[in-house]
Amino acid sequence: MDQQVLEMDSGEKRLNELGYKQELRREMTLFKTLAITFSCMSVFTGTPLYGQSLSYAGPATLIWGWVVVTFFTWFVGIAMAEICSSFPTTGSLYFWAAHLAGPKWGPFASWCCAWLEAIGLISAIGAQAFSGSQTLQMIILIATGNNKGGGYFASKGVFLCMYLGLIIIWGVLNTFALQVIAILNIISICWQVLGGVVVIIMLPLVATSTQTASYVFTHFETSPESTGISSIPYAVILSVLLSNYCLYGYDAAAHLTEETKGADRTGPIAILSSIGIVSLDLDYLYSADNETAGVSVPAQIIYDAFHGRYQNSTGAVVFLCIIWGSFFFCGLSVVTSAARVVYAISRDKCIPFSPIWRKVNQRNKVPTNAVWLCATIGMLLGLPILKLEAVFTAIVSVSTIGWVGGYAVPIFARLVMAEENFKPGPFYLGRASRPVCFVAFIWICYTCSVFLLPITYPLRWKNFNYAPVAVGVALALVMFWWAVDARKWFKGPVRNIDEQNENKMTQHVMEMDSGEKRLNELGYKQELRREMTLFKTLAITFSCMSVFTGTPLYGQSLHYAGPATLIWGWLVVTFFTWFVGIAMAEICSSFPTTGSLYFWAAHLAGPRWGPFASWCCAWLEIIGLTTAIGAQAYSATQAFQMFILIATGTNKGGGYFASRSVFVCMYMGITLIWAVLNTFALQFIALLNIISILWQVIGGLLVIIMLPLVAQSTQTASSVFTHFETSPESTGISSVPYAVVLSVLLSNYCLYGYDAAAHLTEETKGADKTGPIAILSSIGIISVFGWAYYLALTFSIQDLDYLYSADNETAGVLVPAQIIYDAFHGRYHNSTGAVIFLFIIWGSFFFCGLSVTTTAARVIYAVSRDRCLPFSSVWRKVNPKNKVPTNAVWLCAAITMLLGLPILKMDVVFIAILSVSTIGWVGGYAVPIFARLVMAEEDFKPGPFYLGRARRPVCLVAFLWICYTCSVFLLPTSYPIRWKTFNYAPVALGVVLTLVMLWWAVDARNWYKGPVRTIDVQNGNNQNPQMHH
């Protein structure tokens, strides 16, 4: 009961006073609102205008102009923050205008402001899409060889496709719940702050020479020969346009007030904080150099810096990716804000077909139709790109005039209204209100005026600023509509607090979920939030397996018995893996509980052997999953180590090779990141894993298709599919069967993890059906993609012996990294493509480790719920807000970090962690499958997925295959056996299992009786009814 807030949110109270009922989901915090607001402004927004602004009046005007614009922007922000505190509604500006202008002028003021907002925000989507596409165009150009080296320069048609693609992605992402968008924008604020810091610090350091402070801060120079502008004041005004364009967008906080907790306080804070953060980003980010690439001056500056220092363009590509990410997140946030404005003015019947655009998705509580209206208009704005070069200037100008012009109406109304008619919120200016509003209004008028000016002379069709025409036509139509018709019926914002919502009850699902019913029958109450769909469950399960999982083992497996064994071994392992997957899918359908394997073991083994079977299985699961986090952390760190080495010049070119201590720090860092992310609601993790499945499918296809195409020469099909060769001189293994067994370890390691779907069944809708489908689908997808990936690697080998040389470009550490490097360097004579491909692989490990952490925490939670672990009461606690087992997450992270410490002294840590992980994880499958094999059929209650008579042969083959798999991971991997090459898995596993069995024999068997029923346990908080407004 202490977790339930019975008092209505202060922002919602004020919303009701203003005549609106709460329709959108109010779940945004100050930090999340600040994240979206900050993302709408973006650190790198002015990148496309930098070169143009610099050429008008030199660096001094550009740099000091930023300071001047910042000063006046504070007046606008403070004025808006005061109004936002008093009127916390999604419509924000136009609602403020209506109420502040009074009953006589309110409707007209609201009408004007609403349309200015809509015009500004929707065209801003186009501006961000253009900037993002231009940056991507530069990334591709530099990565493929630059303009002088035959690089690919995207044509207008391709550019338009990139522009449209970005907007579609933003539209799709904005159909998710706002909580998801907020979390993406928290990632955005981290991306922009960290990325901005990296660019600010690194760019001047990397540049072989820099401009003097005197030049940057005092040099003034116009360029009438190129701009056609000889007037110095005019040139200064145009030079400062960069700053005017960058420093707006902070009203995004106001558009989210109906979805923000305590919005009357949170909104003003977010507005002012965003202005403060972005104002710190001076254009000193960029070296003041007049040399341009013709398209993007900052791209040329960055390229010159890195190429001058390292003689390659890898660093430039990385920096441009940071800038592109900034535009991506900024555009995503702008679509969020634009959709809220369209929703709000549709709610007040201000635009045609308002009933369509004001509809709110009942599940996610977001205005989906408004999102797609904004996206569609944004895409239409980009079509002139095919014919006109001045499209970006027009879109930027229209966006700025509309967006900033919308600020002027409520600020002017606040300036002239009687003070006694204003009901202040927590943020109130008092007597300072009039002078602040006056300065703000004058500054807005100036800003809108200068964006209407021509930007080059003489005027021609190709360089004309079409903003006055576009804004003029749009506003003329809007004013004509007002004069002829709208003034008769539009009376400003419409109250809806008393409207009857007939559809409200139809959205309430009265029937209990089938998975929850079965969970209750098994003796457990529903504690975790059941919101996962099949696709989200499949995404997490797929991520736990990962296309690139076997990358660290590829070189070793290839070395044991040649390519034929590795390639055909994958198919053999896949065949037997299907038996295990099918057997587990049947059991999952019958027992949809988070504990999954150990719960299955307890029920299938019967009352006599159930507790012991459950105990063994629970500990195998714990061992397997917690060490699997370590395996993924090691793999990701090794991929990142290679990424840095190749990006900074390779092993031969003086590149940076991370030492053991740095390696351990990266290992621990990524583990901490996974733990932090797993403290968010599972809905967020599911979204990240949807991104993961797209990352792995798209990234996998890219690597699979491109790698053999890029490689200058490829291995023959005969070599790949038939060449068998052992390497006893380096491995010490002369036995052919032994070499084959070790070569196939790659496949054994990659093809497990599909039980992740079972661990999420208590959070999945219709889990008795969804779980089995997710298990089998994951096996199918990974089987195909994994095999294709290893085929692509094997076909692309240039020199087999060179792959293992300690003197090669990757120091002989990671064979796939060397294969990828050889392919790209052989074709393009640079390593940019290899860095990108390694980043794709690193991302796969990142997502995989995140999913494994999710799964491991669920198992810890489940076994703690059944009192199987020491201090179970601590680990079973569920965060009341996000409904996730936070303590279990951090226990997994702590164990993982401890596992990584031996890296400082031993080279074989990865083999040991990997082996223990596989034996524990796969060994956990064996217990319930064996119990299912030997149990009486009448004691089994089947779920929707049922094998019938086929269950015994399927379970027998599955059990024998698991026994084989666990056995081979205990074998030595090289001879002669030494301390530095020894496989420590048997020792580590033996010690842990001995302790576990000793605990069972001495004590645990007396009190551990298997899974504990919770459905009848009295929980005072459970009796409290849900409170709804």
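Residues numbered from 1 in each chain as written. Predicted model: local features only at pLDDT ≥ 70, side-chain atom pairs only at ≥ 80, totals over all residues. Heavy atoms only, no water.

Novice: Pulling in residues and values, what's your account of the overall build of the chain?
Specialist: A tally of regular secondary structure across the chain gives 40 helices and 0 strands. A burial count over the chain gives 60% of its 1029 residues as buried. In the chain, of all internal contacts separated by at least 6 residues, the share reaching a separation of at least 24 is 83%. With the model as given, the accessible surface of the chain reaches about 39000 Å², and the carbon-plus-sulfur share is 67%. (Helix = DSSP H or I, 4+ residues; strand = E, 2+ residues; numbered from the N terminus. Buried < 20%, exposed > 50% of the residue type's maximum accessible area, 1.4 Å probe, protein only. Contact = heavy atoms within 4.5 Å. Areas by Shrake-Rupley, 256 points an atom, 1.4 Å probe, with all protein chains shown as cover.)

Novice: Describe the side chain of Q128, with residues and values.
Specialist: Inspection of the secondary structure assignment puts Q128 in helix α5 (residues 102–143). Those residues in contact with Q128 that sit more than four places away from it in its chain are T45, W170, Y245, F327, C330, G331 and V334.

Novice: Could you give me a rundown of helix α25 (residues 606–647), with the residues and numbers involved?
Specialist: The terminal C-alpha atoms of α25 lie 58 Å apart, and with 42 residues this matches the ideal 62 Å at 1.5 Å per residue to within 8%. Summarising burial for α25: 37 of the 42 residues are buried, a large majority. Directly beyond the C-terminal end of α25, a positive phi value near 130° is found at G649. (Expected span 1.5 Å × (residues − 1).)

Novice: Would you mind going over a negative patch on the surface in detail, with residue names and values included?
Specialist: Together, E725, E729, D799 and D801 make up a negatively charged patch on the protein surface. Along the chain, E725 falls in the loop between α28 (717–722) and α29 (728–731). (Patch = residues over 30% accessible without salt bridge, like charges linked within 9 Å, V, L, I, M, F, W, Y side chains within 5 Å. Salt bridge = Lys/Arg side-chain N within 4 Å of Asp/Glu carboxyl O. Lys, Arg positive; Asp, Glu negative; His and termini not counted. Charge placed at Lys NZ, Arg CZ, Asp CG, Glu CD.)

Novice: Please set out the nonpolar core residue by residue, giving values where relevant.
Specialist: Ranked by size, the top nonpolar core spans 156 residues in total, and within it Y790, Y925 and I929 carry the most contacts. At 22 residues, the largest contribution of residues to this core is made by α25. Sequence-distant contacts of Y925, defined by excluding residues within four places in its chain, comprise V580, M584, L597, Y752, G753, Y754, D755 and I962. Counting residues in hydrophobic clusters, the runner-up holds 115 residues, among them A97, L116, I411 and V436. (Core = buried A, V, L, I, M, F, W, Y, C linked by side-chain atoms within 4.5 Å.)

Novice: Quick rundown of helix α26 (residues 660–677)? Include the residues and the values.
Specialist: Given a rise of 1.5 Å per residue, 18 residues ought to cover 26 Å, and the 26 Å separating the end C-alpha atoms of α26 matches this to within 8%. Where α26 is concerned, the buried positions are F663, V664, M666, Y667, I670, T671, W674, A675 and L677.

Novice: Residues and numbers for the packing of helix α18 (residues 391–416) against helix α20 (residues 467–489), please.
Specialist: Where α18 meets α20, the closest approach of the two axes is 8 Å, and the angle between their N-to-C directions is 45°. Taken together, the axis directions place α18 and α20 in an arrangement best described as oblique. For the element pair α18 and α20, the recorded crossing hand is right-handed. Contacts from A394, S397, V398 and I401 of α18 reach α20 at A467, A470 and V471. Of the residues assigned to the contact of α18 with α20, the class counts are 6 nonpolar, 1 polar and no charged. (Axes fitted to C-alpha atoms, helices over the stretch in contact; angles between N-to-C directions. Parallel < 35°, antiparallel > 145°, perpendicular 65-115°, else oblique. Left-handed = near helix turned anticlockwise from the far one by under 90°. Nonpolar A, V, L, I, M, F, W, Y, C, P; charged D, E, K, R; others polar.)

Novice: Help me get a handle on a nonpolar patch on the surface, residues and values and all.
Specialist: On the surface, a cluster of nonpolar side chains totalling about 550 Å² of accessible area is made up of V193, V197, V198, I200, I201, M202 and L205. Inspection of the secondary structure puts L205 in helix α7 (residues 178–206). For L205, a relative accessible area of 55% gives the class exposed.

Novice: Hey, could you go over the pattern of salt bridges for me, with residue numbers and the actual values?
Specialist: If you walk through the whole model with that rule in mind, you get 3 salt bridges. Measuring nitrogen to oxygen at the nearest pair gives 3.1 Å for the salt bridge that ties R414 to E82. In this pair, R414 sits in helix α18 while E82 sits in helix α3 (residues 47–86), placing the two residues 332 residues apart along the sequence. In terms of burial, R414 and E82 fall into one category: buried. For K652, the salt bridge goes to E809, with nearest N and O atoms at 3.9 Å. One end of the pair, K652, is in the loop between α25 and α26; the other, E809, is in the loop between α33 (767–795) and α34 (815–828), and 157 residues separate them in sequence. We classify E809 as buried; its relative accessible area is 11%.

Novice: Can you break down the side chain of T671 residue by residue, with the values?
Specialist: As for its position among the elements, T671 is in helix α26. A polar atom in the side chain of T671 sits 2.9 Å from the backbone oxygen of Y667. Ignoring any residue separated from it by four or fewer positions in sequence, one finds T671 in contact with A633, A893, T896 and M897. (Polar contact = N/O pair within 3.5 Å; in protein donor to acceptor, adjacent residues only side chain to side chain.)

Novice: So, the packing of α3 against helix α10 (residues 232–239): which residues are in play, and what are the values?
Specialist: Two numbers describe how α3 lies on α10: the axes approach to 8 Å, and their chain directions differ by 85°. In terms of orientation, α3 and α10 fall into the roughly perpendicular class. Listed contacts from α10 to S53, Y56, A57, G58, T61 and L62 of α3 are A235, V236, L238 and S239. Looking at side-chain class alone, the contact of α3 with α10 contains 6 nonpolar, 4 polar and no charged residues.

Novice: Give a description of unusual backbone geometry that names residues and reports values.
Specialist: Cis geometry is adopted by the peptide bond preceding P976, which originates at Y975 and carries an omega value of -10°. Within the secondary structure layout, P976 lies in the loop between α39 (951–968) and α40 (985–1007). Not every positive phi belongs to a glycine, and F353 is a case in point at roughly 60°. Looking at the element boundaries, F353 is found in the loop between α15 (314–347) and α16 (354–357). Assessed through its relative accessible area of 61%, F353 is described here as exposed. Residues other than glycine seldom take positive phi values, yet A811 does so here, at roughly 60°.

Novice: Mind laying out the confidence of the model for the chain, listing which residues take part and the relevant values?
Specialist: Residues of the chain with pLDDT of at least 70 account for 80%, and the chain-wide mean is 78. Within the chain, α39 carries the highest mean pLDDT (93), whereas helix α13 (residues 263–279) carries the lowest (39). Contacts from residues 1–8, a stretch scored under 50 in pLDDT, to residues over four places away or in other chains number 14 contacts. Counting interchain partners and residues more than four positions distant, the pLDDT-below-50 stretch residues 496–511 has 16 contacts. (pLDDT = per-residue confidence, 0-100.)

Novice: So what's going on with the environment of C246? Residues and values would help.
Specialist: For C246, the position within the fold is in helix α11 (residues 241–246). Between the C-alpha atom of C246 and that of V69, which follows or precedes it by 177 residues, the distance is 9.7 Å.

Novice: Outline the environment of C848, supporting the account with residue identities and numerical values.
Specialist: With respect to the element layout, C848 can be found in helix α35 (residues 832–865). Taking C-alpha positions, C848 is 9.4 Å from A636, a pair spaced 212 residues apart along the chain.

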